[in-house]
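Each chain is listed here by its residues.
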Amino acid sequence: MNNQYLKTSVMENNKQTNFQNADKMADDPCGLSETARVFLSESNIPRRSVIITLENKFEYNQIVELLDSIMYQKKLMDSYGLDGINNKWDLDKFPVTKTDTQMNGIQRDIQTYNETVKQYNEYCIHLGLEYGIDIASEMKKGCKILFRPPVTS
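Notes on the structure follow. (Residues numbered from 1 in each chain as written. Predicted model: local features only at pLDDT ≥ 70, side-chain atom pairs only at ≥ 80, totals over all residues. Heavy atoms only, no water.)

### Considering helix 2 (residues 100–130)
Along its 31 residues, helix 2 runs 44 Å from first to last C-alpha, staying within 8% of the 45 Å computed at 1.5 Å per residue. Turning to helix 2, the residues buried within the fold contact helix 1 (57–80), strand 4 (82–83), strand 5 (88–89), helix 3 (135–140) and strand 6 (144–148). Residue Gly-132 follows helix 2 closely and has a positive phi angle near 80°. (Helix = DSSP H or I, 4+ residues; strand = E, 2+ residues; numbered from the N terminus. Expected span 1.5 Å × (residues − 1). Contact = heavy atoms within 4.5 Å.)

Laid out in structure tokens, this is it:
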């Protein structure tokens, strides 16, 4: 599979410069392109976004489903005191349970959240390999990876 659907951009001080190795389809303003805005602090660190336009609607729906599930479960984790930015637990917010059944339910919620995040990460890596992008190394560089739905004609 070639990289005809790959579009990268560099964001510096809220000014965007496009470096395009893509077809005209990647310039279509629909889908996730609105979420591709990167707000930088006052630093001059260039940021890059890798936008992958998926060829299959099923692949995009899978990503959306997993992400929706994570966002729903994240609200529950926030109520349990999980700080998602620092990956620390605020023990003052963690609920005090009265029975083992309640504690088992909390443990099950945490396990479900962790499994869903793992599935999402594995699926993103799978899509990256399918479309010729090493997502792990791009993320280590500070790049944002964005998936777009297929362009319908």
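Next comes the rest of the description.
### Considerations on the pattern of salt bridges
Pairing between side chains of opposite charge can happen when the charged atoms of each approach one another. Counted by the stated rule, this structure contains two salt bridges. Across the pair Lys-74 and Asp-78 runs a salt bridge whose closest N-O atoms are separated by 3.2 Å. Of this pair, Lys-74 and Asp-78 both sit in helix 1, separated by four residues, roughly a single helical turn. The exposure class assigned to Lys-74 is partly exposed, which follows from its relative accessible area of 28%. For Asp-78, a relative accessible area of 32% puts it in the partly exposed group. Two residues, Glu-138 and Lys-141, come together in a salt bridge whose shortest N-O distance is 3.6 Å. (Salt bridge = Lys/Arg side-chain N within 4 Å of Asp/Glu carboxyl O. Buried < 20%, exposed > 50% of the residue type's maximum accessible area, 1.4 Å probe, protein only.)

### What to know about the nonpolar core
Within the largest apolar cluster, 23 residues are counted, with the highest numbers of intra-cluster contacts made by Ile-52, Leu-54, Ile-63, Leu-127 and Phe-147. When contributions to this core are tallied by element, the ones reaching two or more residues are strand 3 (47–53), helix 1, helix 2 and strand 6. Take this core: its biggest share by element is seven residues, from helix 2. (Core = buried A, V, L, I, M, F, W, Y, C linked by side-chain atoms within 4.5 Å.)

### Some details on the packing of aromatic side chains
Applying the stated criterion across every chain yields a total of two aromatic pairs. Between the aromatic rings of Tyr-80 and Phe-94, the centroid separation amounts to 6.3 Å while the plane-to-plane angle is 55°, which identifies the pairing as tilted. Here Tyr-80, found in helix 1, pairs with Phe-94, found in the loop between strand 5 and helix 2; they are 14 residues apart in sequence, far enough to count as distant. Between Trp-89 and Phe-94 the ring centres are 5.9 Å apart and the planes differ by 85°, which places this aromatic pair in the edge-to-face class. Feature note: the residues Tyr-80, Trp-89 and Phe-94 constitute an aromatic cluster, connected by ring pairs. (Phe/Tyr/Trp six-rings, centres within 6.5 Å; stacked < 30°, edge-to-face > 60°.)

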